[in-house]
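# Residue-level structure breakdown
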Amino acid sequence: MSSLAAPIANHPPTAELQARDAAHHMHPFTANGELAEKGARIITRAEGVRLTDSDGVELIDGMSGLWCVNIGYGRHELADVAARQMRELPYYNTFFQTSHVPAIALAEKLAALAPGDLNHVFFASGGSEANDTNIRMVRHYWARKGQPEKQVIIARRNAYHGSSMGSASLGGMAAMHAQGGMPIPGIVHIDQPNWFLEGGDMTPEAFGIERARQLEAKIAELGADKVAAFIAEPVQGAGGVIIPPESYWPEIKRICAEHDILLIADEVITGFGRLGHWFGSQSYGIQPHIMTIAKGLSSGYAPIGGSIVCDEVAEVIAGDEFNHGYTYSGHPVAAAVALENLRIIEEEGIVERVRDHTAPYLAQVWAGLADHPLVGEAVSRGLMASIALTPDKAARARFASDPGTVGYICRERCFANNLVMRHVADRMIIAPPLVITPADLDEVVSRARKALDETHDILSERGLMQAAA
Ligand SMILES: *Cc1c(COP(=O)(O)O)cnc(C)c1O
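Small disclaimer: the values here were computed from a predicted structure and weren't measured. (Residues numbered from 1 in each chain as written. Predicted model: local features only at pLDDT ≥ 70, side-chain atom pairs only at ≥ 80, totals over all residues. Heavy atoms only, no water.)

### Description of the overall build of the chain
- If you tally the helices and strands in the chain, you get 17 helices and 15 strands.
- By principal-axis analysis of the C-alpha atoms, the chain measures approximately 65 × 60 × 45 Å.
- Across the 469 residues in the chain, those meeting the buried criterion constitute 52%.
- Contacts in the chain between residues far apart in sequence, at least 24 positions, make up 71% of those at least 6 positions apart. (Helix = DSSP H or I, 4+ residues; strand = E, 2+ residues; numbered from the N terminus. Buried < 20%, exposed > 50% of the residue type's maximum accessible area, 1.4 Å probe, protein only. Contact = heavy atoms within 4.5 Å.)

### Observations concerning the site of the ligand
- Inspection of the region around the ligand gives Gly126, Gly127, Ser128, Asn131, Tyr160, His161, Gly162, Glu233, Asp266, Val268, Ile269 and Lys295 as its neighbouring residues.
- Contact between the ligand and Lys295: an oxygen atom at 2.6 Å from a side-chain N or O atom of the residue.
- Isolated, the ligand exposes 380 Å² of accessible area, and the fraction of that covered by the protein chains is 81%.
- Among the elements that make up the shell around the ligand, the one with the highest residue count is helix H6 (residues 127-144) (three residues).
- Of the residues assigned to the shell around the ligand, the class counts are three nonpolar, six polar and three charged. (Near = heavy atom within 4 Å. Polar contact = N/O pair within 3.5 Å; in protein donor to acceptor, adjacent residues only side chain to side chain. Areas by Shrake-Rupley, 256 points an atom, 1.4 Å probe, with all protein chains shown as cover. Nonpolar A, V, L, I, M, F, W, Y, C, P; charged D, E, K, R; others polar.)

### Details of the pattern of salt bridges
- Going through the model one piece at a time under the given rule, you end up with 28 salt bridges.
- A salt bridge links Arg427 to Glu377, with the shortest nitrogen-to-oxygen separation between them at 2.8 Å. Of this pair, Arg427 sits in strand S15 (residues 427-430) while Glu377 sits in strand S11 (residues 375-381), and the two are 50 residues apart along the sequence.
- We classify Glu377 as buried; its relative accessible area is 17%.
- The salt bridge involving Arg413 is made with Glu454; its shortest N-O contact spans 3.0 Å. With a gap of 41 residues between them, Arg413 in helix H16 (residues 405-416) and Glu454 in helix H17 (residues 438-462) connect regions that are remote in the sequence.
- Shared partners join several salt bridges into a network, and the residues in it are Arg213, Glu216, Glu251, Arg254 and Glu258. (Salt bridge = Lys/Arg side-chain N within 4 Å of Asp/Glu carboxyl O.)

### Overview of the packing of helix H15 (residues 350-367) against H17
- Contact pair H15 / H17: the axes reach a minimum separation of 10 Å and the direction vectors enclose 25 degrees. Taken together, the axes of H15 and H17 are roughly parallel relative to one another. When the axes of H15 and H17 are compared, the crossing they make is right-handed. Here Thr358, Tyr361, Leu362, Val365 and Trp366 of H15 come into contact with H17, specifically with Pro438, Leu441, Asp442 and Val445. (Axes fitted to C-alpha atoms, helices over the stretch in contact; angles between N-to-C directions. Parallel < 35°, antiparallel > 145°, perpendicular 65-115°, else oblique. Left-handed = near helix turned anticlockwise from the far one by under 90°.)

### Thoughts on the packing of aromatic side chains
- Summed over all chains, the structure comprises seven aromatic pairs.
- Relative to Phe322, the ring of Phe122 lies with its centre 5.8 Å away and its plane at 75 degrees, an arrangement referred to as edge-to-face. Taken as a pair, Phe122 in strand S4 (residues 118-124) and Phe322 in the loop between helix H13 (311-317) and helix H14 (332-347) lie far apart in primary sequence, 200 residues in all.
- Its relative accessible area of 14% is what places Phe322 among the buried residues.
- Over the face of the ring belonging to Tyr284 we find Arg381, whose NZ or CZ atom lies 3.9 Å from the ring centre. (Phe/Tyr/Trp six-rings, centres within 6.5 Å; stacked < 30°, edge-to-face > 60°. Lys NZ or Arg CZ within 6 Å of the ring centre and 35° of its normal.)

### A few points about the domain arrangement of the chain
- Domain parsing of the chain yields domain 1 (14-71 + 350-462) and domain 2 (77-347).
- Here domain 1 and domain 2 have C-alpha centroids that lie 26 Å from each other.
- Carbon and sulfur atoms supply 63% of the area that domain 1 and domain 2 bury against each other, a total of about 3,000 Å² over both sides.
- Applying the counting criterion to the domain 1 and domain 2 interface returns one salt bridge.
- Inspection of the region where domain 1 meets domain 2 yields 17 residue pairs in polar contact (both at pLDDT 80 or more).
- Considered class by class, the residues forming the side of domain 1 that touches domain 2 number 20 nonpolar, seven polar and seven charged. (Domains from an automatic or database assignment. Buried area = accessible area lost by both parts, 1.4 Å probe.)

### Quick word on the nonpolar core
- If you look at the biggest cluster of nonpolar residues, it comprises 87 residues, and the most contacted ones within it are Leu106, Leu110, Phe272, Phe279, Leu297 and Trp366.
- Of the domains in this structure, domain 1 (14-71 + 350-462) and domain 2 (77-347) are the two that each give at least three residues to this core.
- Residues in contact with Leu297, not counting those within four places in the same chain, are Leu106, Leu110, Phe272, Ile304, Gly305, Ala338, Asn341 and Leu342.
- If you look at the next biggest cluster of nonpolar residues, it comprises 33 residues, including Leu51, Ile190, Val227 and Val420. (Core = buried A, V, L, I, M, F, W, Y, C linked by side-chain atoms within 4.5 Å.)

So this is what it looks like as structure tokens:
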């Protein structure tokens with residue numbers, strides 16, 4: 001490695017960093033008191049699919065950071081582009097009838113990549129902001145169409161759409177709604193297509209139809225003249241990599257079309273190759289009116305997100321001033337970094353590699369985990385995969401312990417085996433960088449299996465292999 005590219009390895013000892021972190025840094029989605037006692041794991045550098053912590057331990061990042069580092073760590077091209085853009089034009093806004101080259105080029109590129117007539121981009125700094133934009137945009141759209149009563153947005157329980165007031169209201173996370181007065185008015189939720197836990201005696205196909213028809217029932221209950229839009233992730237991410245039955249999306253598509261409801265696909269995770277297509281919508285054959293994007297848009301190298309909007313909605317919105325925007329909408333450095341990221345994905349054929357090679361390989365090796373005594377199902381789509389932990393496979397039972405007790409133990413065993421795998425309640429999930437190799441996927445699966453074995457031992461010792469009544 002040249003001296004220019006050498007990592008900054010000289011840092012204070014871990015214990016000191018942990019103490020300073022605990023004293024001043026409030027972590028998101030964290031019990032900070034508990035973390036202060038334990039001490040945060042401090043990541044100091046990364047390359048490819050591997051992280052290094054402040055003790056020099058190397059881990060495989062099974063989660064692409066937070067589902068975002070699609071092209072992997074250490075791509076200096078993005079650093080070079082960012083430095084060049086910062087020197088040339090570090091910032092300018094796009095509010096007052098001005099624009100700049102990176103925002104123009106990125107909007108044009110996204111319009112070319114997105115399916116059908118999704119030709120217009122409204123930029124934000126991340127997915128939460130973009131979904132807040134979407135709430136205001138679809139409501140304003142119907143108001144301008146002379147239907148100001150068409151305002152309700154239907155979303156799903158256990159969906160994740162971000163953490164701002166609007167986006168967390170769209171999300172269906174009960175624990176989030178319990179803090180801070182959500183959901184905001186005019187957002188209602190239907191059930192998620194989680195067959196493993198909620199499918200009962202139904203086949204997955206019948207269950208997919210049943211869950212989709214909840215949308216139709218909700219529209220009937222509210223009146224189609226009151227419903228602005230339905231929003232969903234093609235595959236739920238933070239909800240636990242819940243892959244809907246094949247019957248689900250075609251039925252949702254039919255219902256939205258028949259009742260004149262806008263469809264918003266939250267592609268923040270599924271966009272940019274994750275499911276083996278540029279967008280998850282393409283993998284499910286749906287043509288949304290708006291797609292939310294963030295995360296993989298820049299592979300996490302810079303904070304940027306946005307909404308890709310169809311011709312009809314954009315034209316209606318263009319009729320007057322849309323009183324909405326962010327200081328960093330289309331930030332030139334973030335936009336330049338995103339463009340370079342898209343260039344790499346395209347020129348290196350990363351989407352095709354996922355579709356034709358890596359995803360089929362992951363599907364095969366991941367399915368092998370289903371024979372483990374703790375695993376109720378092991379499923380994947382593209383490079384998103386999950387396993388349901390259960391004390392009783394045949395019954396698809398939940399554990400008697402509080403949800404997440406077992407998942408947390410398993411996550412700790414994954415860390416101990418130098419694998420970053422996340423838990424959502426008692427479901428374990430991965431979404432590795434799209435550039436991961438089959439050899440590294442073998443390594444992920446073998447470390448996961450070892451962590452499962454160790455988890456099984458711990459559960460047996462502690463009497464936790466009990467099914468809920
Ligand atoms: C992460 C995520 C968001 C929120 O994006 P932020 O950049 O964290 O605001 C929205 N939707 C989905 C599906 C996500 O996974």
